[in-house]
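Residue strings, one per chain:
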Amino acid sequence: MKREVIVVGGGAAGMVAAIAAASEGARVTILEHKEKVGKKILATGNGKCNYTNLYQSMECYRSENLPFVQEVFSHFNEKDTIAFFQKLGIVPKAKNGYLYPGSEQASSIVDVLTMELKHLKVEVRCNEDVTKIIPTKEGYHIQTLVRVLETRSGAKQNGKNKKKEKAIEVDSYVAEYDAKKVIIATGGRASEKLGSNGSGYRLLKEMGYGLVPVVPALVQLKAKGADFEQVAGVRCDANITLLVDGEKVAQEEGELQLTNYGVSGIPVFQVSRYAAKALYDQKKVTMEIDFLPQFGLDELGALLCQRYQESSYKTDHEVLIGLMNDKLITLLLNKAKNIDPYGTDCKRLAKRMKQFTIEITDTNGFDNAQICAGGMDTTELAGVTMESKKHSGFYIVGEVLDVDGICGGYNLQWAWATGYLAGKAAGKKLKLHE
Ligand SMILES: Cc1cc2nc3c(=O)[nH]c(=O)nc-3n(C[C@H](O)[C@H](O)[C@H](O)COP(=O)(O)OP(=O)(O)OC[C@H]3O[C@@H](n4cnc5c(N)ncnc54)[C@H](O)[C@@H]3O)c2cc1C
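Residues numbered from 1 in each chain as written. Predicted model: local features only at pLDDT ≥ 70, side-chain atom pairs only at ≥ 80, totals over all residues. Heavy atoms only, no water.

Colleague: It is not clear to me how the overall build of the protein chain should be interpreted in this structure. Could you clarify?
Modeller: If you tally the helices and strands in the protein chain, you get 13 helices and 20 strands. When the backbone C-alpha atoms are referred to their principal axes, the protein chain occupies close to 90 × 60 × 40 Å. Looking at the protein chain as a whole, 53% of its 434 residues qualify as buried. By element, 47% of the accessible surface of the protein chain is carried by carbon and sulfur atoms, the whole surface being about 20100 Å². Counting 56 positive and 53 negative side-chain charges, the protein chain places the centres of these two groups 5 Å from one another. (Helix = DSSP H or I, 4+ residues; strand = E, 2+ residues; numbered from the N terminus. Buried < 20%, exposed > 50% of the residue type's maximum accessible area, 1.4 Å probe, protein only. Areas by Shrake-Rupley, 256 points an atom, 1.4 Å probe, with all protein chains shown as cover. Lys, Arg positive; Asp, Glu negative; His and termini not counted. Charge placed at Lys NZ, Arg CZ, Asp CG, Glu CD.)

Okay, structure coming up:
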């Protein structure tokens, strides 16, 4: 049977695309290689799903083609996202502009999407990995590898009597489909265990599409230039500045987490895509950490002088206790001994506290990243229908495209918007049920 619309990937963008196409009356099939749809959504926002943000600005998005991103959002913005989910039953709950479902459960988002897919009679085929897409005269020929699973009871869980059921792959076979229209919604390659394994990039490359280099983003950074083992586990409010070949490219403030290999935390995630891109281009990446952003440099210098002068009976380390995390004191004093409170030592120490420089050597891998930066070049799309210029009836949506957002609901906003616009266009353009 020839399908009308096949959606490759049942993630955020794919499910919304399928709903939008089916609500136009099209017969839609989702092919998903995991055992269920929406796996990644369940992990978003620490299990609460930060599904969009009331504050929207182009500064929250990155792409080689930002005007295109702006155009997409002029057709489907955060208000449309809220309305779309409200219609499905989600009551929005705002926290500083970050939106979550009223239940604060990401599973609610997956549940309402799944219910709507069922209601609209969308065929959902899981455990099917799309391996090839061939354009034909009448549409597209798709090959998948179907995994045959058998449920077996595994080892006892936590010593309890209850045994965990486990699905084991016992066989696989190739299946073939024909479709008039195809929507690619495979995601990127961040967090492979949740489904997106980079296969979308391969499928698109095989069909002749160009890719902006793909790097991990919203990810931890590896660094050298400090004894990280000694400060691992420290969390502190800091201002960080990322420099590429000595030029400032990004700055963020928030809770910095020090790890045994480098730095993590929201401010690090926010600047990480710039570090990843620069490292990919073999540029030198450094980070300046201001551990005491609440003080100006001169103000801190004066404060340090005062503390040293008033506490001559204390060691250098003891003088600083109460000002900052104890482990950080050791790190910052490192080579400094017997600070002279009347000389330039206090100023130098203040500078070290406010401009502590480390070299960024790498990012953590795609498995630890929340998203990818880079992807399919959006100049290959005909417009906000997300249809390809090269192949008619072929749409590309979501994270597989060269668009990434900062933390805060922006990446899902992109997935919903592009999925919806493509689904509507694909569903509409069909002469239904020929
Ligand atoms: C831990 C974590 C937390 C996050 N938190 C947030 C948050 O709170 N807010 C936010 O805005 N963003 C968040 N993100 C990012 C956000 O989840 C993604 O940007 C978004 O899910 C991308 O949507 P997508 O549909 O393009 O891709 P995905 O959601 O990755 O979906 C792609 C789907 O395609 C399937 N697939 C891939 N290849 C094939 C194939 N060849 N054949 C068949 N199926 C295939 C995959 O299994 C998957 O189900 C988070 C990401 C992670 C990892």
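Colleague: For this particular structure, what's the right way to read the packing of aromatic side chains?
Modeller: Given two aromatic rings, one states the distance between the centres and the angle between the planes to describe the pair. Taken as a whole and judged by the stated rule, the model has eleven aromatic pairs. Taken together, a centroid distance of 6.0 Å and an interplanar angle of 80 degrees make the contact between F84 and Y420 edge-to-face. Taken together, the residues span a long stretch of sequence, with F84 in helix α4 (residues 78–88) and Y420 in helix α13 (residues 410–428) at a distance of 336 residues. Relative to F356, the ring of F291 has its centre 5.8 Å away and its plane inclined at 55 degrees; by these criteria the two rings are tilted. Linking F291 in the loop between β16 (285–290) and α9 (297–310) with F356 in strand β17 (residues 356–363), this pair joins segments that are 65 residues apart in sequence. Residues F291 and F356 agree in their burial class; the two are buried. The residue whose ring lies beneath R189 is F366, and the NZ or CZ to ring-centre distance is 3.8 Å. (Phe/Tyr/Trp six-rings, centres within 6.5 Å; stacked < 30°, edge-to-face > 60°. Lys NZ or Arg CZ within 6 Å of the ring centre and 35° of its normal.)

Colleague: How do you make sense of helix α11 (residues 326–333) when you look at a structure like this?
Modeller: Among all positions of α11, only L328, I329, L331, L332 and L333 are buried. A distance of 2.8 Å separates the backbone nitrogen of K327 from a side-chain oxygen at the start of α11, and that oxygen is part of N325. (Polar contact = N/O pair within 3.5 Å; in protein donor to acceptor, adjacent residues only side chain to side chain.)

Colleague: How should the sheet that holds strand β6 (residues 98–101) be read in this particular structure?
Modeller: Backbone hydrogen bonds are what pair the strands of a sheet, in a parallel or an antiparallel way. Judged by pairing direction, the sheet is antiparallel, and its three strands sit side by side in the order β3-β6-β5 without closing on themselves. A strand with exactly one partner marks an edge of an open sheet, and here the two such strands are β3 (52–53) and β5 (92–95). One ladder, built from two bridges, connects β3 with β6; its direction is antiparallel. Directly across from N53, in β6, lies its bridge partner Y98. (Pairing = 2+ DSSP bridges.)

Colleague: Looking at this structure, I do not really get the packing of helix α3 (residues 66–75) against α13. What am I missing?
Modeller: To characterise two packed helices, one gives the angle between the axes of the helices and the distance between these axes. It is the contact of α3 with α13, at a shortest axis distance of 10 Å, that shows an interaxial angle of 70 degrees. Judged by the inter-axis angle, α3 sits roughly perpendicular to α13. The chirality of how α3 crosses α13 is left-handed. The residues of α13 that touch α3, namely those facing F68, V69, V72, F73 and H75, are Q413, W414, A417, T418 and L421. Of the residues that constitute the contact of α3 with α13, the class distribution is seven nonpolar, three polar and no charged. (Axes fitted to C-alpha atoms, helices over the stretch in contact; angles between N-to-C directions. Parallel < 35°, antiparallel > 145°, perpendicular 65-115°, else oblique. Left-handed = near helix turned anticlockwise from the far one by under 90°. Contact = heavy atoms within 4.5 Å. Nonpolar A, V, L, I, M, F, W, Y, C, P; charged D, E, K, R; others polar.)

Colleague: Just checking my understanding: could you explain the site of the ligand for this structure?
Modeller: Around the ligand, a shell composed of 33 residues is seen, among which A13, E32, G45, E399 and L412 lie nearest. Here a nitrogen atom of the ligand and a backbone polar atom of N50 are 2.9 Å apart. Here an oxygen atom of the ligand sits 2.8 Å away from a polar atom, N or O, in the main chain of L412. Across the complex, the protein chains shield 94% of the 1000 Å² of accessible surface that the ligand would expose by itself. Listing elements by their share of the shell around the ligand, those giving two or more residues are α1 (12–23), α2 (39–43), β8 (128–136) and α13. (Near = heavy atom within 4 Å.)

Colleague: Is there a simple way to explain the packing of α1 against helix α5 (residues 106–119) in this structure?
Modeller: At a minimum axis distance of 10 Å, the contact between α1 and α5 shows a crossing angle of 35 degrees. The interaxial crossing formed by α1 with α5 has left-handed handedness. Packed against α1, whose contacting residues are M15, V16, A18 and I19, the element α5 presents L113, E116 and L117 at the interface. Along the lines of polarity and charge, the residues of the contact of α1 with α5 split into six nonpolar, no polar and one charged.

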